[in-house]
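Observations on chain architecture
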Number of protein chains: 2
Amino acid sequence: EIILEENQESTDPLPSWNDGKTKESIINFVTKATTEGHPDFIKKEDRIVTTDNDGTLWSEQPAYFQLFFALDRIHALASEHPEWKNKQPYKSVLENDMKTLMAQGEKGILEIVMASHAGISTDEFASIVKDWIATAQHPTKKKKYTELVFQPMLELINYLQANEFKTFIVSGGGIEFMRPWTEEVYNIPKDQVVGSSIKTKYEYKDGQPTITRLAEIDLIDDKEGKPVGINRYIGRKPVIAIGNSDGDLQMMHWAESNSIKNLQIYIHHTDSTREWAYDRESHIGTFDKALDEASQKGWALVDMAKDWKVIYPYELKD
Amino acid sequence: EIILEENQESTDPLPSWNDGKTKESIINFVTKATTEGHPDFIKKEDRIVTTDNDGTLWSEQPAYFQLFFALDRIHALASEHPEWKNKQPYKSVLENDMKTLMAQGEKGILEIVMASHAGISTDEFASIVKDWIATAQHPTKKKKYTELVFQPMLELINYLQANEFKTFIVSGGGIEFMRPWTEEVYNIPKDQVVGSSIKTKYEYKDGQPTITRLAEIDLIDDKEGKPVGINRYIGRKPVIAIGNSDGDLQMMHWAESNSIKNLQIYIHHTDSTREWAYDRESHIGTFDKALDEASQKGWALVDMAKDWKVIYPYELKD
Ligand SMILES: [Ca+2]
Ligand SMILES: [Ca+2]
């Protein structure tokens, strides 16, 4: 039997990935995991993949995209809140004064997030997110946010799904901020999206049931919260964990503690031309302790500049 | 083309269900939902089924099976807790004095549940549940608890899955009590099991990650908690909701508020010979307000005595 060179290339499951150690380690893992009789074969029900979102499936600079959503929402709600003009942290948002906003630290950001994410029904919130994501543009890339997903990661998700891995997002981002669009963009069903959440309340008024979003934290699905979220939503340890920052390290350890063969993949933002280059010193997506550990342990380390032929799907069409 | 009568019968998707209004309404709903072009066609991603567990997929008399687990666990732990001999509610458990235990109300039961379910790692807890469910016997039926699942419901789950409905358990029972065995018994994956939960804590000790179960309530997945749990875990409204008590009514309303065509199914325990007969007056599985509403609204109401040829799978083998 002769297999033509062209044929091989046309069936490359990861066409936007350059050949090399990283691509090879992923394909090797999947091939063994799906080869019956192989010592590293993994039963279908155990083929659990957990992937971070911000900085792993889409960009996260110059700020988490969900923060842009929150800021836009504060602007949209300002007419109902005349007092915000003279009240921090709202004042700085309305004056587009990011420096003053950031100077207020986590407490200020949390107040903005709660004011923009709580107090309405889950149905209303989903519809607001849908409208925003369909139209809002990234401040410097001048693209819709969902155009700033990583083409090589779309291919990886598709490749894993084709090999009957069940793919879950496990993100510090808001679960109800992601669910309205992740299905369409990543082909990941809503019930396979794990994220940070606020508490909710069910009420039945005039024969109409409503779930209202409360201004109270439920789960922060980051760092120690990631294994907690995985245990809560999935109930088994991943065999493949994918992330880009120190906030994913606990998820990597959780996968590592799986009695089943497992793979850790870290995305390293090394491409200052096509995307952004940042790691140890960055406030967003800090990749420091985990970068050391990934190197020590020989985890798959994706060098975006070297490993990826294209970054965004629109580059394929240009 | 001639279709033989025998052939038709052999392909009955619900062979343990007697023909009649209930069976017909279920098959009609599924047939329309899966017929492309039909006005009641439902897209695959929207084919969400949520089913209660206790009293819906398996029996729940003379007490929730999870309570028997808790009591057995208190006995097993007693040697480590000599003080329990003289301390309620433990004393009554160790003396098998159910009357005194029940007289202590919810607070007593909660203490028993926490003492028997918390303070250990999720891995340990899963293994304890697995061991218990593999060996423990129902006090009067003298069968393993997993033998007391309803054969007609296994067929219904299988029928819905074959028609590409995604089946979720949404139960007041403990999520980590169910997950160790629901996959094998119901063919429902762990991540499609929603239940009551306690809080957990992730720690990384000596390079070993552990999630510990804390004696603090997270979600009570009953009544108002069911739509909250559905929203948290699934992120979309069900098109089929199945339950047996007033505790499922809010889930039924949540399904009813779906903009997509939906079906409510209630199991009515009417068979005092083969199972148990109870409804309005029962403390377990109270079916009163919901029985009225099901009748008024014409929801599918399964009369166990009349609609089911067999109750338990072992009857088929006898
Ligand atoms: Ca990230
Ligand atoms: Ca029930």
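Description of the structure in this document. Not measured: the values here are computed from a predicted model.

1. A closer look at the interface of chain B and chain A
With 37 residues of chain B in contact, the opposing surface of chain A contributes 37 residues. Interface area, chain B with chain A, both sides summed: about 3,000 Å², of which 49% is carbon and sulfur. Of all residues in chain B, the largest losses of buried area upon contact with chain A belong to Asp191, Tyr202 and Arg232 of chain B, amounting jointly to 20% of the total for that side. On the surface where chain B and chain A come into contact, there are eight salt bridges. Across the pair Lys166 of chain B and Asp191 of chain A runs a salt bridge, and its minimum N-O distance is 3.0 Å. Taken together, the links from chain B to chain A amount to 20 residue pairs in polar contact (both at pLDDT 80 or more). Among the secondary structure elements, those contributing two or more residues to the side of chain B that touches chain A are helix H7 (122–135), strand S2 (166–174), helix H9 (175–186), strand S3 (193–205), strand S4 (208–219), helix H10 (225–233), helix H11 (249–256) and helix H12 (289–297) of chain B. Class assignment for the residues of the side of chain B that touches chain A results in twelve nonpolar, ten polar and 15 charged.

2. A closer look at the sheet that holds strand S7 (residues 300–303) of chain B
Neighbouring strands of a sheet are bound in pairs by backbone hydrogen bonds; such pairs are parallel or else antiparallel. All names here are of chain B. In spatial order, the strands read S4-S3-S2-S1-S5-S6-S7; together these seven strands make up an open sheet with mixed pairing. The sheet terminates laterally at S4 and S7, the two strands that pair on one side only. Adjacent strand axes in the sheet meet at a mean angle of 30°, parallel and antiparallel pairs treated alike. Taken together, the four bridges between strand S1 (residues 48–51) and S2 define a ladder with parallel strand orientation. The residue of S2 that forms the bridge with Val49 is Thr167. Strand contacts of H10: S1, S2, S3 and S4, with the helix running at about 150° to S4, the strand carrying the most contacts.

About the cut-offs
Residues numbered from 1 in each chain as written. Chains lettered and ligands numbered in written order. Predicted model: local features only at pLDDT ≥ 70, side-chain atom pairs only at ≥ 80, totals over all residues. Heavy atoms only, no water. Contact = heavy atoms within 4.5 Å. Buried area = accessible area lost by both parts, 1.4 Å probe. Salt bridge = Lys/Arg side-chain N within 4 Å of Asp/Glu carboxyl O. Polar contact = N/O pair within 3.5 Å; in protein donor to acceptor, adjacent residues only side chain to side chain. Helix = DSSP H or I, 4+ residues; strand = E, 2+ residues; numbered from the N terminus. Nonpolar A, V, L, I, M, F, W, Y, C, P; charged D, E, K, R; others polar. Pairing = 2+ DSSP bridges. Axes fitted to C-alpha atoms, helices over the stretch in contact; angles between N-to-C directions.

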